[in-house]
Protein chains: 2
Amino acid sequence: MKEHRNISIADQIFDQLEREILSGKYQRGEVLSELRLSKEMDVSRTPIREALLRLEQENILKETGRGMEVIGISSEDMLDMYDIRLHLEGEAARRAAGNITEEQLQELLELTELQRYYINKQGNRSSEHTKNLDTQFHELIYTASGSKTYIDVLTRIHKQMTKYRMASVSKQSRALQSNDEHMAIYQALAAHDPDAAEQAVLTHIRNALNRMEHMEPIDS
Amino acid sequence: MKEHRNISIADQIFDQLEREILSGKYQRGEVLSELRLSKEMDVSRTPIREALLRLEQENILKETGRGMEVIGISSEDMLDMYDIRLHLEGEAARRAAGNITEEQLQELLELTELQRYYINKQGNRSSEHTKNLDTQFHELIYTASGSKTYIDVLTRIHKQMTKYRMASVSKQSRALQSNDEHMAIYQALAAHDPDAAEQAVLTHIRNALNRMEHMEPIDS
DNA sequence: AGCACTATAATTGTATACATTCATACAGAG
DNA sequence: CTCTGTATGAATGTATACAATTATAGTGCT
């Protein structure tokens, strides 16, 4: 089953810009101009414009009248997003427990183990890898829920949260705790136990919220 | 306080297309071509393309490889959306009960009474008016919740549901029951009672779900 | 020195031209 | 009659040209 659409330049630019914004290359408040980006990337304004438009719809950029500004997410917004995840992600996990395939379970386990490896390694971009793996872990569970609507809503929210979390440092001990929780989620899903999966996910989100509230944002 | 952005042609086309799709002018499965639309509306492809792109991001259109197809929402998707609303809209109502202004309450009451008028009138476009007022009613409550995140998530979902609901006929008796429930929600909000507001909203959604499951889709 | 006005530069919004892909229909051969 | 190949048309994707708005800096006047 092949995709019916080739990867366009606009798609690639969208992915690239999203990565660069979420990873902090473009700081909060910075204004991106179409012309500047098109010169930097050596393409015309058209695909750049398309990519910026999509990023605006994802609440990652905001139109200001003279360019697209990298959105700042307030800590209040962040709390709301955790709140919504607490209301939705347990149900998504319940569904995933019933639907997840052996192949998906295998991938979930690999993501978890790889994340642990990077946390222990403590290398240069280790923190970035750790967070990317966290995103892949949760989005895989959303996918396994089998519900297009749940996938859409939760993926959008998780992306926005990533942008905020990227701008913070986290201690190794907390990262290890989070990784343990991922393993617990994996085991509940591997046992196809909806109740256990729901509880493991809710515990993980509550703890993540707690960890965030005790984190110091970096200056940069 | 004026907006910093003028209403562009692309914005207008986006609004117009969304209305036309949600109201059923373009049927599910129909493919919209940029060139055709640009001729019909006598503008260039550029703003058309931008509008279609935004509609795609709202899950109202889908890229097919040879045009944008009007998305069909399955009854399964519809159930998921009700499910998510049951998980989120109670909390939004709780918050609204605390934040809603007198002016918003006044508007809520007017929307409710106007809706009752149209239901009783049973005119030509009465059903369309009724549903538009329903949308305005719920979106006003989302706004009153004061949370950008709740507003975004719930508004998106409610829009998609509207598209489905527009394609169904509903009996006058059920419309009146729904309107009664709106009035109950209004009264709970007017009393600034979070518990009552949550319960009234949850009851309304459960009943709406029930009403939908007993509805006959029109053929057209 | 300060203020106002003008000119310029930068930016988005829109139109249009060009490239490319893909489906479809038609014609010709077997 | 069927299959295949080609040509044509329609659609998107991209580049570029043009219009209009706005911020900013500079200059001249008081």
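Heads up: the structure comes first, above all this text.
Notes on the structure in this doc start here. (Residues numbered from 1 in each chain as written. Chains lettered and ligands numbered in written order. Predicted model: local features only at pLDDT ≥ 70, side-chain atom pairs only at ≥ 80, totals over all residues. Heavy atoms only, no water.)

Attention shifts here to the relation of the copies chain A and chain B. Least-squares fitting of chain A to chain B yields an RMSD of 0.1 Å, with the transformation described by 0.1 Å of translation along the axis and a rotation of 180 degrees. Here the transformation between the copies is reduced to the relation of a two-fold axis. When C-alpha positions in chain A are compared against the rotation axis, the closest is assigned to His 87 of chain A, at 2.9 Å. Of the interface residues in chain A, 100% have counterparts in chain B that sit at the interface too, so the contact is made through matching surfaces. (Least-squares fit on C-alpha atoms with pLDDT ≥ 70 in both. Contact = heavy atoms within 4.5 Å.)

When the parts come together, some accessible area is lost, and that loss is often what is quoted as the size of the interface. Contact residues are listed per partner, giving 30 residues for chain A and 30 residues for chain B. For the pair chain A and chain B, the summed buried surface comes to about 2,700 Å²; carbon and sulfur atoms form 50% of the total. Our count for the contact surface shared by chain A and chain B stands at 6 salt bridges. The salt bridge involving Arg 95 of chain A is made with Asp 83 of chain B; its shortest N-O contact spans 3.0 Å. The interface formed by chain A and chain B holds 12 residue pairs in polar contact (both at pLDDT 80 or more) in total. (Buried area = accessible area lost by both parts, 1.4 Å probe. Salt bridge = Lys/Arg side-chain N within 4 Å of Asp/Glu carboxyl O. Polar contact = N/O pair within 3.5 Å; in protein donor to acceptor, adjacent residues only side chain to side chain.)

Our next topic: the nonpolar core. Ranked by internal contacts, the top residues of the largest apolar core, which has 78 residues, are Leu 189 of chain A together with Leu 189 of chain B. Apart from the residues within four sequence positions on either side, Leu 189 of chain A is in contact with Ala 93, Ala 96, Ala 97, Ile 100, Leu 105, Leu 108, Ile 141 and Ala 197 of chain A. (Core = buried A, V, L, I, M, F, W, Y, C linked by side-chain atoms within 4.5 Å. Buried < 20%, exposed > 50% of the residue type's maximum accessible area, 1.4 Å probe, protein only.)

Time to look at the sheet that holds strand β3 (residues 68–70) of chain A. Residue and element names in this part refer to chain A. Reading across from one edge, β1-β3-β2 is the order of the 3 strands in this open sheet, with antiparallel pairing throughout. Here the strands that pair on one side only, and so sit at the sheet edges, are β1 (31–32) and β2 (61–63). Looking at chain direction, β1 and β3 are connected through 2 bridges and run antiparallel. Bridged to Leu 32 within β3 is Met 68. (Pairing = 2+ DSSP bridges. Helix = DSSP H or I, 4+ residues; strand = E, 2+ residues; numbered from the N terminus.)

As a further point, take the protein's contact with DNA strand C. Near DNA strand C there are 16 residues, and of these Arg 45 and Arg 49 of chain A together with Ile 9, Ser 44 and Thr 46 of chain B occur at the shortest range. If you look at DNA strand C and keep only atoms within 4 Å of the protein, 58% of those are sugar or phosphate atoms. One of the backbone nitrogen or oxygen atoms of Glu 34 of chain A is found 3.2 Å away from a phosphate oxygen of DNA strand C. Here a phosphate oxygen of DNA strand C sits 2.8 Å away from a polar atom, N or O, in the side chain of Ser 44 of chain B. Top element by residues in the surface near DNA strand C is helix α3 (residues 45–57) of chain B. It accounts for 3 residues. Taken together, the residues of the surface near DNA strand C sort by class into 6 nonpolar, 6 polar and 4 charged. (Near = heavy atom within 4 Å. Nonpolar A, V, L, I, M, F, W, Y, C, P; charged D, E, K, R; others polar.)

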